[in-house]
Structures are given as C-alpha cells and as structure tokens.
Amino acid sequence: MSKNVVVQALLTRRSVRQFQEKQVSDEELKTVLEAGTYAPSSMGRQSAWIVAVQDKALISQLTKMNAAVMGTTNDPYYGAPTIVLVFGPDLTQWPNAQLDGALVLGNMMNAAHAIGLGSCWIHREQQMFATEEGKLLMKRFGLPEGLIGIGALALGYPAGDSPAPKARKADYYRVIR
C-alpha cells in the first residue's frame, strides 16, 4: 500500500451511515464544497451546482421526500447534520451532466474523509427534484431552471469506527501491454 497521503485517503475512505449530532464547522464545509468545485468536468464546463443544507426543517423535508421515493419512512441520510445536494443540467441539454455531478460527489467524499469527516453517497435526488415540491425547492435554492438532481452526500462527523473494507475481487483490473 502506498504511503502517499492522497492515495491513503482514497484507499481508506468508507461510507459512513452513523453520524454525531454535532454540525460540521464552516471551514470544514467550505473545504469539502471547494473540493467539489475542482472535480474534473466534461469540456471544463463545470456543469454541476452544489447546495449544502444544514437547516433542520429543510433536512427533515428532504428526508421525507427521499424516503417517499424509496417507499419507506427510514432516514435515507442517516441522521447526518449536513446534506450536500448536487444538481446538473437536464440530460437533453448536457448528456454528461450525471457524469460531471458524480465526479463532484466523489471529490467531496474524498475531501471529507481526508479532513476527518464522514460521508455517504445518497441516490434518488433525480426523482425527488422532478416533483413539484422539488422544483419549488430548487427555485428556493436560487438555482437556474432546467436542472435535475444528480445525487447527495450525507455529511458529518462519524459516530463510531469506519467499517472494514470489503475484499476486492481478484480480477478487478487488468494491464494489457
């Protein structure tokens, strides 16, 4: 295993599904969000939009919306004190929007881990923000029209130890020379 700190962070990051109630600091949040803005994007378009939510009432609303898509009442954000939403252009306007947004989410997860925060990628934002309620929220967030939800991060301080990594499959990669 490499001793490089960046590679170490990439190899040791795990999805966190239990969070402390303590809110992340403004400086930590800015670090994570800024890392998202430096993710690669197709043709350098920077097509993604990032919205961090720490308002408890709004987190409750987002939790209910996401749970409804899942058909459950469980908290799909695992009680995280911050939810980071990523949006991108409708795929008819920019076919690489989901890929660009995925890279933003990946950068933010790795940055969060590198500074001692935990995160978990959450799905169903596309369905959530396709609803009238979701469209009203996007307007409230000051986002331009024509965007779709890409995904979200549950973000906060981990409660407990990181889970052990799953074994990597033996034939995961190949080198062709």
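These notes cover the structure that comes with them. Please read all numbers here as calculations on a predicted model, not as lab measurements.

Let us now look at the sheet that holds strand S4 (residues 147-156). Sheet strands pair via backbone hydrogen bonds, and the direction of the pair is either parallel or antiparallel. Ordered in space as S1-S2-S4-S3, the four strands form an open sheet in which the pairing is antiparallel. In the strand order of this sheet, the two ends are held by strand S1 (49-53) and strand S3 (118-122), each with one partner. Along the sheet, successive strands turn relative to each other by an average axial angle of 25°, direction set aside. Note that S3 and S4 share five bridges and pair antiparallel. Note that in S4 the partner of Ser-119 across the bridge is Leu-155. Lying on the sheet, helix H2 (residues 26-37) is in contact with S1, strand S2 (82-89) and S4; it crosses S1 at an angle near 165°. Across the sheet, helix H4 (residues 97-114) is in contact with S1, S2, S3 and S4; its angle to S4 comes to roughly 10°.

Attention now moves to the side chain of Asp-100. Residue placement: Asp-100 occurs in helix H4. Notably, Asp-100 is buried but unbridged: the nearest opposite-charge side chain belongs to Arg-45, and the N-O separation is 7.0 Å. Looking at Asp-100, its side chain comes within polar contact range of the main-chain nitrogen of Ser-42, at 2.8 Å. A polar contact of 2.9 Å, which involves the side chain of Asp-100, links it to the side chain of Ser-47.

Here the distance between the centres and the angle between the planes together describe a pair of aromatic rings. Applying the stated criterion across every chain, the model contains three aromatic pairs. For the ring pair Phe-87 and Phe-129, a centre distance of 4.8 Å and an interplane angle of 75° mean the geometry is edge-to-face. Here the residue Phe-87 occupies a position in strand S2, and Phe-129 occupies one in the loop between helix H5 (125-128) and helix H6 (132-140), the gap between them amounting to 42 residues. Its relative accessible area of 1% is what places Phe-87 among the buried residues. Through pairs of rings, three or more aromatic residues link up here, namely Phe-87, Phe-129 and Phe-141. The ring of Trp-94 carries the charged tip of Arg-45 above its face, separated from the ring centre by 3.7 Å. Note that Lys-169 overlies the ring of Tyr-172, its terminal NZ or CZ placed 4.8 Å from the centroid.

So, how was this worked out
Residues numbered from 1 in each chain as written. Predicted model: local features only at pLDDT ≥ 70, side-chain atom pairs only at ≥ 80, totals over all residues. Heavy atoms only, no water. Pairing = 2+ DSSP bridges. Helix = DSSP H or I, 4+ residues; strand = E, 2+ residues; numbered from the N terminus. Axes fitted to C-alpha atoms, helices over the stretch in contact; angles between N-to-C directions. Contact = heavy atoms within 4.5 Å. Buried < 20%, exposed > 50% of the residue type's maximum accessible area, 1.4 Å probe, protein only. Lys, Arg positive; Asp, Glu negative; His and termini not counted. Salt bridge = Lys/Arg side-chain N within 4 Å of Asp/Glu carboxyl O. Polar contact = N/O pair within 3.5 Å; in protein donor to acceptor, adjacent residues only side chain to side chain. Phe/Tyr/Trp six-rings, centres within 6.5 Å; stacked < 30°, edge-to-face > 60°. Lys NZ or Arg CZ within 6 Å of the ring centre and 35° of its normal.

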